[in-house]
Amino acid sequence: MNYSKVSMNNKKLSKFFIIFGLLLFVLSIVSFLYPMTDLHIKAEEVKKNNRKDYSDHSNEEYEYGIANIKSLKEFKDTIRSEVIKRKLKGIEIPILIDDYIRNKFYSAGSFIEWHENWFLYLLDFIFPRLFFSTSMVPDDIIKYDYAMCSQSSIVFQEVVKDYGFDYASVRFFIPDFLHFSLAVKVDGEWYYFDSNMEPKYDRTDPGIYDGVVSADKNTLENLYPDERNNNISAFNDVNKSMITASEINTFPAKNGVLVQKISYFISWYGWIIFIVIGFIIYRYNNKKNIKK
């Protein structure tokens, strides 16, 4: 083995790790300083000015008093107080939770800002269909008065589990209808809920859930009559494999949250790891040279 060649390769490797670590450090510094700059202030003003007001989503169930609740604990406590006050039980409880979720959020997605986790945005750019930068933790989602289908369902599940009900995630993989909703089991029967698209139907009828998971075209078209393109229903070619009810009593975004946590660590502390590894290789190579 050519020792001088190995030593040279080690030097290059050490230099790569140190330079890459310094690059990550610069990105972390930029992320830290950006919220203090005028650019961020202006960006927030533009975002605020572009936000929908009530007239923009007047076709949705939305109530300012509920929407202004920004704490998950307060949201749960408010619902529980009404459950106790009205002496609700059985299917009445999930229906009340559905009402609160419908009034809490209008339909739009909340996201983690790039300066909070820049590496996550890099992953989002590489894998755009996985929506890595969307808020997935209930405590974060509740801070906003808007949520996409998966986010409102996550909050629903977080609340309903406190009452001892089983719940499941219902996912739609229909080409023109990618959607996320949920089901709740009450007294041995599963009931369907969609707090995001807010369809009008009898929420006390377990037959709705059966129709959804069996991909019954009539049930789906009655729930979502607006899902037509050029007067062609999105459910024309639907089959059972396109709709799944799974992850019973399981947080549906655990893998996504894990990716967010790892990427957060890389965004803020990854530079330390690369620089330390670079210096370890450098020191090891120096010791080898001295012995040689």
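Going by the structure above, here's the rest.
So, a few notes on the structure that sits alongside this text.

Criteria and cut-off values
- Residues numbered from 1 in each chain as written.
- Predicted model: local features only at pLDDT ≥ 70, side-chain atom pairs only at ≥ 80, totals over all residues.
- Heavy atoms only, no water.
- Helix = DSSP H or I, 4+ residues; strand = E, 2+ residues; numbered from the N terminus.
- Rg over C-alpha atoms; globule rule 2.2 N^0.38 Å.
- Buried < 20%, exposed > 50% of the residue type's maximum accessible area, 1.4 Å probe, protein only.
- Areas by Shrake-Rupley, 256 points an atom, 1.4 Å probe, with all protein chains shown as cover.
- Core = buried A, V, L, I, M, F, W, Y, C linked by side-chain atoms within 4.5 Å.
- 1 Å grid on protein atoms, 1.4 Å probe; cavity = no way out; pocket = protein on both sides within 12 Å on 5 of 7 lines; lining within 4 Å.
- Points joined across faces, edges and corners; volume = space filled by probe spheres on them.
- Nonpolar A, V, L, I, M, F, W, Y, C, P; charged D, E, K, R; others polar.
- Patch = residues over 30% accessible without salt bridge, like charges linked within 9 Å, V, L, I, M, F, W, Y side chains within 5 Å.
- Salt bridge = Lys/Arg side-chain N within 4 Å of Asp/Glu carboxyl O.
- Lys, Arg positive; Asp, Glu negative; His and termini not counted.
- Charge placed at Lys NZ, Arg CZ, Asp CG, Glu CD.
- Phe/Tyr/Trp six-rings, centres within 6.5 Å; stacked < 30°, edge-to-face > 60°.
- Pairing = 2+ DSSP bridges.
- Contact = heavy atoms within 4.5 Å.
- Polar contact = N/O pair within 3.5 Å; in protein donor to acceptor, adjacent residues only side chain to side chain.
- Axes fitted to C-alpha atoms, helices over the stretch in contact; angles between N-to-C directions.
- Parallel < 35°, antiparallel > 145°, perpendicular 65-115°, else oblique.
- Left-handed = near helix turned anticlockwise from the far one by under 90°.

## A look at the overall build of the chain
Helix and strand content of the chain: eleven helices and eight strands. Rg of the C-alpha trace for the chain: 25 Å, well past the compact-globule value of 19 Å for 292 residues, more than 25% over. A buried classification covers 43% of the 292 residues belonging to the chain. By element, 58% of the accessible surface of the chain is carried by carbon and sulfur atoms, the whole surface being about 16900 Å².

## Some thoughts on the nonpolar core
If you look at the biggest cluster of nonpolar residues, it comprises 55 residues, and the most contacted ones within it are Phe75 and Tyr192. For this core, the elements supplying multiple residues, two or more each, are α4 (72–86), α5 (92–104), α8 (149–160), β3 (166–174), β4 (177–186), β5 (189–193), α9 (207–213) and α10 (217–223). Looking at which element gives the most residues to this core, the answer is α5, with six residues.

## Here we look at empty space enclosed by the protein
A full pass over the atoms with the stated rule returns one cavity of 30 Å³ or more. Within this model, the largest cavity holds a volume of roughly 30 Å³. Of the residues that constitute the lining of the largest cavity, the class distribution is three nonpolar, four polar and one charged.

## With respect to a negative patch on the surface
Taken together, Asp187, Glu189, Asp202, Asp205 and Asp210 make up a surface patch of like negative charges. Here Asp187 shows up in the loop between β4 and β5.

## Some details on the packing of aromatic side chains
Inspection of every chain in the model, using the stated rule, returns 23 aromatic pairs. Ring centres of Trp118 and Phe119 lie 5.8 Å apart, and the angle between their planes is 80 degrees; this geometry places the pair in the edge-to-face category. Judged by relative accessible area, which is 13%, Trp118 ranks as buried. Centroid distance Phe127 to Phe132: 6.5 Å. Interplanar angle 90 degrees. Geometry classified as edge-to-face.

## Thoughts on the pairing of β3
As defined by bridge partners, β3 adjoins β4 across nine bridges and the pair is classed as antiparallel. Among the inter-strand pairings, Ala168 is bridged to a residue of β4, identified as Ala183. Strand direction decides the pairing type here: β3 and strand β8 (residues 243–246), joined by four bridges, are antiparallel. What sits directly across from Ser169, in β8, is Ser246.

## Topic: the environment of Thr78
Topologically, Thr78 is positioned in helix α4. You can call Thr78 partly exposed: its relative accessible area is 28%. Taking the C-alpha atoms as reference, Thr78 lies 9.1 Å from Ile66; in sequence the two are twelve residues apart. Look past the residues within four positions of Thr78 in its chain and what remains in contact with it is Ile69 and Tyr100. Among the polar contacts made by the side chain of Thr78, one reaches the main-chain carbonyl oxygen of Glu74 at a distance of 2.7 Å.

## Regarding the sheet that holds β4
Strand order in this open sheet of four strands is β5-β4-β3-β8, and the pairing throughout is antiparallel. Taken across any chain shown, the strands that pair with only one partner, and hence form the sheet edges, are β5 and β8. Averaged over all pairs of adjacent strands, the angle between strand axes in this sheet comes to 25 degrees, irrespective of strand direction. Its contacts with the sheet put α8 on β3, β4 and β5, and the angle it makes with β4 is roughly 10 degrees.

## A short note on the packing of α4 against α5
Packing of α4 against α5 leaves a shortest axis separation of 11 Å and a crossing angle of 140 degrees. Of the possible angle classes, the one that applies to α4 and α5 is oblique. In terms of crossing hand, the pair formed by α4 and α5 is right-handed. Only Ile93, Leu96, Ile97, Tyr100, Ile101 and Lys104 of α5 make contact with α4, whose side of the interface consists of Phe75, Thr78, Ile79, Glu82, Val83 and Arg86. When the residues that make up the contact of α4 with α5 are grouped by side-chain class, the tally is eight nonpolar, one polar and three charged.

## Focus on the pattern of salt bridges
What the rule picks out here adds up to 13 salt bridges. Among the ionic pairs, Arg203 bridges to Asp98, the shortest N-O distance being 2.8 Å. A residue pair is termed long-range when its members are at least 10 positions apart, and Arg203 in the loop between β5 and α9 and Asp98 in helix α5 qualify at 105 residues. For the pair Arg203 and Asp98, one class covers both residues: buried. Salt bridges here are not isolated pairs; linked through shared partners, they connect Glu61, Asp98, Asp99, Arg102, Lys200 and Arg203.

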